[in-house]
Structures are given as C-alpha cells and as structure tokens.
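# Breakdown of the fold
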Amino acid sequence: MRLSHHRKQSVFAAPSTINIDKEVKSVEKKVIEWRRDIHQHPELSNRETRTAAVVAKHLKSLGMQVETDIGHTGVVGFLKGAKPGPTVMLRADMDALPVTEKVDVPFKSTIVTKYMGEDVGVMHACGHDTHVAMLMGTAEVLAAVKNQLHGNIMFVFQPAEEGAPEGEEGGAELMLKQGIFKKYKPEVAFGLHIMSSLNSGQIGYRSGPIMASADTFDITVNGKQTHGSAPWNGVDPIPAAAQIVTGVNHIVSRQIDITKEPAIVSFGKIDGGVRDNIIPDSVNMIGTIRNFDMDNREQIFDKIKTTATHIAMASGTKADVKINKGYPVTINNPALTAQMLPTLRDVAGKDVAGKDNVIEVPKLTASEDFSFYAQEVPGLFIFLGATPVGQDASKAAYNHSPYFYVDESSFKVGTKALSQLAVDYLAMKSK
C-alpha cells in the first residue's frame, strides 16, 4: 500500500494538528535494520538481554526516562509531552520461540540453545522482532513531536509473552505485579501483532473479545494397581479416566451457554500404565481450555472439577484436578475501538481495488498476554498484515511456523498506526 505524505483527516476523527508522515518515512529504513538485527539474534522468554539492551540504548538516545530489568528483562520508556494530558501506553513483546528457521533470508537465525534439555533452534517465528522494531521507530517518531503532544507516552517492551520458563514468572502479569501501571498511570493501552493471515497494508480489528483465554487442566485419576486378569482385586483408573474424557467433553456442548461466546475444551495427552496385563495405579490427563467470556471461563473451571471428581467417586477412584490459569480473554474496549477506528482507517486507507484496508476479523482462539493490560485500562489490540500483496494470505505459513515470513513493507503501516493512535488519542482528550 502506498501512503500519502499528507494525511487525509477522517471526518469522524478528532482533528490532530500533528503531522507525522515525515517522521514515519524517516525511520522506515531504521525499522527494517533493527528488525533484521533482532531477527538474527533471537532470545527465548525471560532471556531477552541483548534485545533489551538495544531497546534501552535507543530510548535513552531519544532523551527518555528509561527503566530496565522489569519483569526480568523488560524495558519501559517514558516520553513526557510538552503539554498536560493523560498517558498512553504502547506495547511490544520481545521473546522468540524454540523453532528452527527454514526461511531462506539473508538475516536468517542460526542461533541454537538448550530448551527443556534439548538443543533447539531459536527463531522469531511469531514476529516479535517486528513488534520491537516498529515500537522503536514509533518512539523516534513521537520523540520528534513531543513538544506538540498533549500528554505522555509509555513505551513497554515486554519479555516472555510466549510464557515464562517453568518455575519462573514473566510477561505482562509480572510487569504489572512490579508496579509499572501504578507508577506511570496510563489511561489506555494500544498494541499490535503481525499476522500472516492478512496481506501487507491491511489492519485487522474487532470490538470486544478478539483473542481467547488460554488455560490448562491436569487431572490424575488414582486407583489401585492389580493384575489385568483380576480387575476386581484393584481399582481400575482407566475406565474412570475414559468416562471423565467423555463427561468433560460434554461440558461445553451441554452445560455452557455458547450462544453467549464460544468455548473449547481439548484433551492433549493421556498417560497411564506400562504393560498390557497390569492395571495401573493412576492415569494422568492434560489439556487446554479456550474461551471468550470471563464468566464462562470460571464456570468451565468449576464444571471440570465437579465432573472429574464425581465420575471418579462413582468409579471408586479419586480424581485430583488442577486448573492452571493462563492468559485471560483479550478484550478490545468497545468505546475505545469505536473512537480509534477512524484513525486506523486514515492510516491504512484503501487497496488498489478501492476496498477498505481495515478489516473486521473473526475471533482468534490463540491467546495474548496483552489481555492483562486490557484488564487494568481500556485496551485496543490490532493485527497487522504480513503477507505480500498478491499472495493468498490464507495459504501463508502461520505464526509459530519455521516458514513464517514477514513482508518488510508492512512496517511503515504498523509504525504509523501505533504513532497515530497515540497522537490522535491525546488530541481527542485535549479538546
């Protein structure tokens, strides 16, 4: 998509007197260079030391107040505008994944590290390298116009969005726990995610729930081991476990109001026994829970516990049920989404066929820990297209794939979107 050097102001948006087109254009090459450098040096969750150092150095060069080592490796930059007003938070995540890259690009990752005891490749297979680079560019854009800002910008570069290593805390939840919102007091939070399912130039949005909560369950059914030829001499946990699978799979279809919001409960692993003729002492089952409504989420937790324990009791076994809460539902504040939609449309414009480049996308059953920020203040989380124009985005390698590829022309749209969201929100609040 071609961006005009002069922004066309939507009749629906509060007019901003700040034009950032020149600044966005001036950082475009830098954003690409930063992204390639970070892509070649990926780091796993809570280990993003090099990335954080690159970010902190850049923010300090812009004259910002900078804090480091928050939530392990997180960085917060604070840009104070010349005029009074609220604080807007902009967020990027920094961590890579244990994936061996198979995309043949000059800046391909060749990093290998230990993950869960195995030698694995490390790759920015979810595009967090692009998020960091675009927010670094946004920081430079907004620092250049700080004398015109009616308020402040809080830049959050967050570790461990993909989840902290076992036994550690991390991510948005830990940064909040360590008080970044209490200190900087943002009024709203904006974030974006690069997506191969959209073409470059496109922006995806949705009001209300946009990404699912992600939780796990762990059920152990305890019986009494005995010989398979004489099951009456023990207590068999295997049929009890089988009935629990059936019962739990009926929770969403029969006990949750899915006209309210969809939900999913899936078993991912069942483990029990070592030999064909020995009934084991126990069977362990683990799985995932995804849903789009916080009340339904709690109901599902309760019903999994009730279903498993009662079926086990009826079978003479005992079920130990653990629910591990992960990320909440990512909810775009409806009022904020409506307020900022004209800004997104101004940034993205239309494609060559005259179609709107801002697209209302369906709910996504993946999860995002931006959801923790959006629980504290009104939030807006958008998707940025990454597949080159002319290619079928529905067939592109999806995020987390070793073949995940990002079209670098998308960065100018993402940088401008983050910058303009902040500028326009502050301008609206100053009226």
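Before any of the text, the structure's been laid out above.
Small disclaimer: the values here were computed from a predicted structure and weren't measured.

Read from one edge of the open sheet, four strands run 12-14-10-15, paired in antiparallel fashion. In this open sheet, the two edge strands, each paired with only one partner strand, are strand 12 (263-271) and strand 15 (318-327). Shown here is a sheet whose adjacent strand axes are inclined to one another by a mean of 20°, direction ignored. In the sheet, strand 10 (residues 213-222) pairs with strand 14 (residues 282-291) via 10 bridges, with the strands oriented antiparallel. Note that in strand 14 the partner of Val-221 across the bridge is Val-283. Contacts from helix 6 (residues 237-255) reach strand 10, strand 12, strand 14 and strand 15 within the one sheet, and its direction differs from that of strand 12 by about 165°. The strands touched by helix 7 (residues 294-314) within the sheet are strand 10, strand 12, strand 14 and strand 15, with strand 15 carrying the most contacts at an inclination of about 165°.

We now examine the packing of helix 1 (residues 21-40) against helix 3 (residues 128-144). Packing of helix 1 against helix 3 leaves a shortest axis separation of 8 Å and a crossing angle of 150°. With respect to helix 3, the element helix 1 is oriented roughly antiparallel. For the pair helix 1 and helix 3, the crossing hand works out as right-handed. Packed against helix 1, whose contacting residues are Glu-23, Val-24, Val-27, Lys-30, Val-31, Trp-34, Arg-35, Ile-38 and His-39, the element helix 3 presents Asp-129, Thr-130, Val-132, Ala-133, Met-134, Met-136, Gly-137, Glu-140, Val-141 and Ala-144 at the interface. Among the residues forming the contact of helix 1 with helix 3, the class breakdown is 11 nonpolar, three polar and five charged.

We now examine the pairing of strand 10. Here strand 10 lies mainly inside the structure; seven of its 10 residues are buried. Direction of pairing for strand 10 relative to strand 15: antiparallel, over a ladder of eight bridges. The residue of strand 15 that forms the bridge with Thr-216 is Asn-324.

A word on the nonpolar core. Core analysis: the biggest nonpolar cluster contains 72 residues, and Leu-90, Ile-153, Phe-155, Phe-157, Phe-190 and Ile-203 have the highest contact counts within it. Looking at this core element by element, the count peaks at 10 residues for helix 10 (residues 411-430). Beyond its immediate sequence surroundings of up to four residues, Leu-90 is in contact with Leu-135, Thr-138, Leu-142, Ile-153, Met-154, Phe-155, Val-156, Phe-190, Leu-418 and Ala-422. Residues Met-154, Ile-210, Tyr-327 and Tyr-373 belong to the second largest nonpolar core, which totals 27 residues.

Across its 17 residues, helix 3 extends 25 Å between first and last C-alpha, which sits within 8% of the 24 Å expected from 1.5 Å per residue. Most of helix 3 is tucked away, with 16 of its 17 residues classed as buried.

The subject of this paragraph is unusual backbone geometry. Positive phi values are uncommon outside glycine, yet His-72 reaches one of about 85°. Within the fold, His-72 resides in the loop between strand 1 (65-70) and strand 2 (74-80). Classification of His-72 by relative accessible area gives partly exposed; the value is 39%. Phi is positive for Lys-185, which is not a glycine, with a value near 50°. Residue position: Lys-185 is located in the loop between helix 5 (180-184) and strand 7 (188-199). Take Lys-185: its relative accessible area is 59%, and that puts it in the exposed class.

A few words on the pairing of strand 4 (residues 112-115). Bridge count for strand 4 against strand 5 (residues 118-121) is four bridges, and the pairing is antiparallel. Looking at the pairing, Thr-113 lines up with Val-120 of strand 5. Taking the residues that link successive antiparallel strands as the turn, the strand 4-strand 5 hairpin has two residues, and the phi of Met-116 there is positive, at about 50°.

Looking now at the packing of aromatic side chains. For the structure shown, the criterion picks out eight aromatic pairs. Grouping aromatic residues by their ring pairs yields a cluster made of Phe-181, Phe-370, Tyr-373, Phe-381 and Phe-383.

The next point concerns the sheet that holds strand 3 (residues 83-93). Reading across from one edge, 1-2-6-3-7-18-8-17 is the order of the eight strands in this open sheet, with mixed pairing throughout. Both edges of this open sheet fall to strand 1 and strand 17 (358-360), since each of them pairs with a single strand only. Each adjacent strand pair in this sheet contributes to an overall mean axis angle of 25°, direction not counted. Here eight bridges tie strand 7 to strand 18 (residues 379-387), and the two strands are oriented parallel to one another. Looking at the pairing, Ala-189 lines up with Gly-379 of strand 18. Contacting strand 1, strand 2 and strand 6 (150-158), helix 2 (residues 49-61) runs over the sheet at an angle of about 15° to strand 2. Its contacts with the sheet put helix 3 on strand 2, strand 3, strand 6, strand 7 and strand 18, and the angle it makes with strand 3 is roughly 160°.

Another point: helix 1. Taking 1.5 Å of rise per residue, 20 residues should cover 28 Å, and helix 1 covers 29 Å from first to last C-alpha, within 8% of that figure. A bend of about 40° at Glu-28 is the largest found in helix 1. Residues of helix 1 that are buried include every one of Asp-21, Glu-23, Val-24, Val-27, Val-31, Ile-32, Trp-34, Arg-35, Ile-38 and His-39, and no others. Where helix 1 is buried, its residues touch helix 2, helix 3 and helix 10.

Basis of the calculations
Residues numbered from 1 in each chain as written. Predicted model: local features only at pLDDT ≥ 70, side-chain atom pairs only at ≥ 80, totals over all residues. Heavy atoms only, no water. Pairing = 2+ DSSP bridges. Helix = DSSP H or I, 4+ residues; strand = E, 2+ residues; numbered from the N terminus. Axes fitted to C-alpha atoms, helices over the stretch in contact; angles between N-to-C directions. Contact = heavy atoms within 4.5 Å. Parallel < 35°, antiparallel > 145°, perpendicular 65-115°, else oblique. Left-handed = near helix turned anticlockwise from the far one by under 90°. Nonpolar A, V, L, I, M, F, W, Y, C, P; charged D, E, K, R; others polar. Buried < 20%, exposed > 50% of the residue type's maximum accessible area, 1.4 Å probe, protein only. Core = buried A, V, L, I, M, F, W, Y, C linked by side-chain atoms within 4.5 Å. Expected span 1.5 Å × (residues − 1). Phe/Tyr/Trp six-rings, centres within 6.5 Å; stacked < 30°, edge-to-face > 60°. Bend = angle between axes of the 7 residues up to and from the residue.

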